[in-house]
Amino acid sequence: MSAASCPEPTPAERARSVLAAADSLTVTSQGHRIELIGLHTVDAAARLLLHNPPDGHLAAELAVAPQGDLATLVEFTDIAPVAVRERVRARLTLGGWLTALGPKTLVFHPARAVLTEGGLATVIGLDELTLASPDLLATHEAEMLARLDAAHADTVAPLARLLPAGEQLGAAVVRPLRLDRHGLVLRSEAPHAHHDTRLPFDTPATHPGEAIRQIHVLLARATARPRRRRLPTRS
């Protein structure tokens, strides 16, 4: 399967996955910028709720806002859960307004969504964002990647045989970067560059157990191939 034909989540799905998995976000209003950790939820319509923010500036600004809403920028950063070069995988920026929802909750109404990955920014339509669903593995991905990386010699090193020949020969280290229902992405790092390669599953995984089974299929495929040289070791 060519790289161009490998299935992967859409930008809207990736954005929803970032929303689902993130435990922190940065909120910027006209006069303040704060980071909130563990104080937000996202409902099925992609509506962002901020619960009892400890910084009173947002509530104070909202209380004197002429129209009862506060222009706000909300930013999420998606960081790889394993130690790879350039760990920021994506940034999701939402522009919109905050309004009050009860005495201790603020609701964010998005007007614009931009997903930035690999230096490329994609504007996501609000209808797309609302209708998209997070990847089924989004909330399990960090733990699963950490386990894969911890079992590097038994999993990632053999899987590196599925990389293109040039990446195998030039890599100093290979680590798991991303996991979704469509496949596993490995990052091969050379001294002065890195490259990401998607290893697609035969069929999309419907739950974490199915993803593990599909990784075992990839492992069987990889171990059937001869080694080109001593495989990269962890630094």
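This text goes with the structure placed above it.
What counts and what doesn't
Residues numbered from 1 in each chain as written. Predicted model: local features only at pLDDT ≥ 70, side-chain atom pairs only at ≥ 80, totals over all residues. Heavy atoms only, no water. 1 Å grid on protein atoms, 1.4 Å probe; cavity = no way out; pocket = protein on both sides within 12 Å on 5 of 7 lines; lining within 4 Å. Points joined across faces, edges and corners; volume = space filled by probe spheres on them. Helix = DSSP H or I, 4+ residues; strand = E, 2+ residues; numbered from the N terminus. Nonpolar A, V, L, I, M, F, W, Y, C, P; charged D, E, K, R; others polar. Core = buried A, V, L, I, M, F, W, Y, C linked by side-chain atoms within 4.5 Å. Buried < 20%, exposed > 50% of the residue type's maximum accessible area, 1.4 Å probe, protein only. Polar contact = N/O pair within 3.5 Å; in protein donor to acceptor, adjacent residues only side chain to side chain. Contact = heavy atoms within 4.5 Å. Pairing = 2+ DSSP bridges. Axes fitted to C-alpha atoms, helices over the stretch in contact; angles between N-to-C directions. Salt bridge = Lys/Arg side-chain N within 4 Å of Asp/Glu carboxyl O.

(A) Expanded view of the layout of surface pockets. There is about 900 Å³ of room inside the largest pocket. Put simply, the parts of the chain that give the lining of the largest pocket at least two residues each are β6 (88-100), β9 (173-180), β10 (183-190), β11 (193-200) and α7 (208-223). By residue class, the composition of the lining of the largest pocket is 14 nonpolar, 5 polar and 13 charged. The volume enclosed by the second largest pocket comes to roughly 560 Å³. Lining the second largest pocket are 27 residues, and of these Ala21, Ala22, Asp78, Ile79 and Arg89 sit closest to its centre. Elements with a contribution of two residues or more to the lining of the second largest pocket: α1 (11-21), β1 (24-28), β5 (70-79), α4 (141-150) and β9. In terms of residue count, β5 provides more of the lining of the second largest pocket than any other element does, 5 residues in total. Its residues assigned to classes, the lining of the second largest pocket comprises 11 nonpolar, 5 polar and 11 charged.

(B) Region of interest: the nonpolar core. Within the largest apolar cluster, 28 residues are counted, with the highest numbers of intra-cluster contacts made by Leu25, Val27, Leu50, Phe76, Leu92, Leu94 and Leu98. Mapped onto this core, the elements with two or more residues apiece are α1, β1, β2 (33-37), β4 (48-51), α2 (57-63), β5, β6 and β7 (105-117). With 27 residues, the next largest nonpolar core counts Leu148, Val156, Ala160 and Val185 among its residues.

(C) Local environment of the side chain of Gln214. When you line up the elements, Gln214 lands in helix α7. A polar atom in the side chain of Gln214 sits 2.7 Å from the backbone oxygen of Thr203. Not counting residues within four places of it along the chain, the set of residues in contact with Gln214 comprises Phe201, Asp202 and Thr203.

(D) Geometry of the sheet that holds β10. Across the sheet, 3 strands lie side by side as β9-β10-β11; this open sheet has antiparallel pairing. Looking at which strands have only one partner, the edges of the open sheet turn out to be β9 and β11. Averaged over all neighbouring strand pairs, the angle between strand axes comes to 25 degrees, with direction disregarded. Alignment of β10 against β11, held across 8 bridges, turns out to be antiparallel. Bridge assignment links Val185 to a residue of β11, and that residue is Arg198. Where α4 meets the sheet, it contacts β9 and β10, and its direction lies at approximately 155 degrees from that of β9.

(E) Seen up close, the pattern of salt bridges. Inspection of every chain in the model, using the stated rule, returns 16 salt bridges. Put simply, Arg33 and Glu75 hold a salt bridge, and the shortest N to O gap is 3.0 Å. Taken together, the positions of Arg33 in strand β2 and Glu75 in strand β5 put the pair 42 residues apart, joining distant regions of the chain. Taking the relative accessible area as the measure of exposure, Arg33 reaches 54% and is therefore exposed. Linking Glu143 and Arg147 is a salt bridge whose minimum nitrogen-to-oxygen distance equals 2.7 Å. Taken together, the positions of Glu143 and Arg147, both in helix α4 and 4 residues apart, correspond to about one turn of that helix. Owing to a relative accessible area of 59%, Arg147 belongs among the exposed residues under this scheme. Connected via shared salt-bridge partners are Glu8, Arg14, Asp78, Arg89, Glu117, Glu141 and Arg178.

(F) Geometry of unusual backbone geometry. Positive phi values are uncommon outside glycine, yet Glu86 reaches one of about 55 degrees. Topologically, Glu86 is positioned in the loop between β5 and β6. Take Glu86: its relative accessible area is 56%, and that puts it in the exposed class.

(G) Spatial organisation of the environment of Pro54. Here Pro54 shows up in the loop between β4 and α2. Separated by 33 residues in sequence, Pro54 and Ala21 place their C-alpha atoms 22 Å apart. Once residues lying within four places of it in the same chain are set aside, the contact partners of Pro54 are Leu36 and Leu39.

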